[in-house]
Amino acid sequence: MTLLAYEDLSVTLPHTARPILDGIGLSVSAGETVALVGESGSGKSVTARAALGLFPADAEVCGRVRVDGTDLVGADAASLREVRTNKAAMIYQDPRAAINPVRRVGDFLTEPLRLVHGWSKDRANARAVELLGAAGLPDPARHMRQYPHELSGGMLQRVVIAAALTAEPRLLLCDEPTTALDVSTQAEILAVLGRLRRERGLGLLLITHDIELAAAVADRVYVMYAGRIVETAPVAELFATPRHPYTAGLLDSSPPLEGPLDRLTPIPGAPMGLRESAPGCAFAPRCRFAEPGRCDRSAPPLLPHGPAEVACHRAAELDGRIRTASPRTASPRPASVQPMKEGN
Ligand SMILES: Nc1ncnc2c1ncn2[C@@H]1O[C@H](COP(=O)(O)OP(=O)(O)OP(=O)(O)O)[C@@H](O)[C@H]1O
Ligand SMILES: [Mg+2]
């Protein structure tokens, strides 16, 4: 069952040379983990916020974003409230920014239940303790009485995950949920999210700039560049056989999650800013396979190629020829991000 579906979503701001998002198509089903990866500024967070019906002020929005069937583009206030309170929840990078520092953890969790859902204090408290436990926080009753500064970043992210679950959403949007955490805490948080997905049949959209992390936890991956999806594939395929030169470039420039650190090869040049535009493929100026007179003429559409979809004029002739500099293991799940240590 499809929980989240973007159809040809474009978001354009006045005074920019190109749209922030340009024809995004993306879907997340119940029980599925979908990763959205790309460099800083590619439009990942704008895409995630669109799933809550949040668009930049002044933006012109075209296309559709359906959450559980409700289209959020042009939706009325009641539909937006229904989606934001009951259907979808967002987890951000920095848990400290999401929590009021002068209120106790328990108040942060119980207030929405009491004020929005009208629950009694005792019922809300019991539910908050249960959710903290589900998010893997040991001794949840004690932490209910603590202030945010008394908890570590990893513990606070568990509080934020518990808060996101209060309304029992089917869809969890995670915008760089582990970027602010150390590697072992990152693995624990990912394990908690994976377990919640399995137990509750959640659909998970995981936003990350780290393609290795995406490969380790997602079922499918979308790769974004300058506001467009340039490749999407099941994770093992994308990892073993990148079909877009940008995907290969991301793999070559990312340190592996585990194992020896091979030489990293940065992608030359810089991503296209919002004040730049080009008639051709936005990645062409940085692409070692770009063909003058072809790749710089028109933007390539996203088309099926084997098990993937790729937006590259040369996708058919390059199929199988794009090699990453250091061959990657076909096994996409290093031990450090296996579902483990869920009790911590
Ligand atoms: N409210 C806004 N008003 C104007 N421009 C915006 C707004 N939100 C985002 N942008 C611009 O849209 C582009 C995409 O931003 P976005 O935050 O989605 O990138 P990102 O892929 O999440 O990057 P990062 O990895 O750094 O978080 C950027 O150029 C950003 O400056
Ligand atoms: Mg972002």
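For the structure itself, consult the block above.
Here we summarise the structure given alongside this text.

Calculation rules
- Residues numbered from 1 in each chain as written.
- Chains lettered and ligands numbered in written order.
- Predicted model: local features only at pLDDT ≥ 70, side-chain atom pairs only at ≥ 80, totals over all residues.
- Helix = DSSP H or I, 4+ residues; strand = E, 2+ residues; numbered from the N terminus.
- Rg over C-alpha atoms; globule rule 2.2 N^0.38 Å.
- Contact = placed C-beta atoms within 7 Å.
- Core = buried A, V, L, I, M, F, W, Y, C linked by C-beta atoms within 7 Å.
- Buried ≥ 20, exposed ≤ 12 C-beta atoms within 10 Å, placed from the backbone.
- Domains from an automatic or database assignment.
- Pairing = 2+ DSSP bridges.
- Right-handed = clockwise from strand over helix to strand, strands pointing away.
- Axes fitted to C-alpha atoms, helices over the stretch in contact; angles between N-to-C directions.
- Near = placed C-beta within 6 Å.
- Nonpolar A, V, L, I, M, F, W, Y, C, P; charged D, E, K, R; others polar.

**Examining the overall build of the chain**
Looking only at helices and strands, the chain has 12 helices and 12 strands in total. Relative to its length of 344 residues, the chain is compact, with a C-alpha radius of gyration of 21 Å against a globular reference of 20 Å. If you line up the chain on its principal axes, its C-alpha atoms span 70 × 50 × 35 Å. Long-range contacts, defined as pairs at least 24 residues apart, comprise 66% of the intrachain contacts of the chain with a sequence gap of at least 6.

**Thoughts on the nonpolar core**
In this structure, Val159, Leu173, Leu205, Leu206, Ala214, Val221 and Val223 are the most contacted members of the largest nonpolar core, which totals 104 residues. Among the elements that line this core, the one with the most residues is helix H7 (residues 153–165), at nine residues. Residue-level mapping places this core at the junction of two domains, with at least three residues from each of domain 1 (1–68 + 170–344) and domain 2 (98–168). Setting aside anything within four residues of it in sequence, one finds Leu173 in contact with Ala48, Ala51, Ala88, Ala89, Met90 and Leu205.

**Focus: the pairing of strand E8 (residues 203–208)**
The element E8 is largely enclosed, with a buried count of six among its six residues. Where strand E3 (residues 33–37) lies against E8, five bridges are found, and the strand directions are parallel. If you follow Leu36 over to E8, its bridge partner there is Ile207. In the sheet, strand E7 (residues 171–175) pairs with E8 via five bridges, with the strands oriented parallel. When the sheet's bridge partners are listed, Leu173 is paired in E8 with Leu205. As a crossover connection, the stretch from E7 through helix H8 (residues 183–200) into E8 is right-handed.

**What about the sheet that holds strand E10 (residues 228–234)?**
Taken together, the eight strands give an open sheet; going across it, the order is E6-E7-E8-E3-E9-E10-E12-E11, and neighbouring strands pair in mixed fashion. Strands at the two margins of the open sheet, each flanked by one partner only, are strand E6 (88–91) and strand E11 (303–305). Put simply, the sheet's adjacent strands are angled 20° from each other on average, direction ignored. Sheet topology note: the strand E9 (residues 220–225)/E10 ladder contains six bridges and is antiparallel. Each bridged residue has a counterpart across the sheet, and for Val223 the counterpart in E10 is Glu231.

**Here we look at the site of ligand 1**
Lining the immediate surroundings of ligand 1 are 13 residues, of which Ser40, Lys44, Ser45, Val46 and Pro56 lie closest. Each residue belonging to the shell around ligand 1 can be placed in one class, and the counts come to five nonpolar, seven polar and one charged.

Nothing here speaks to function; it is geometry throughout.
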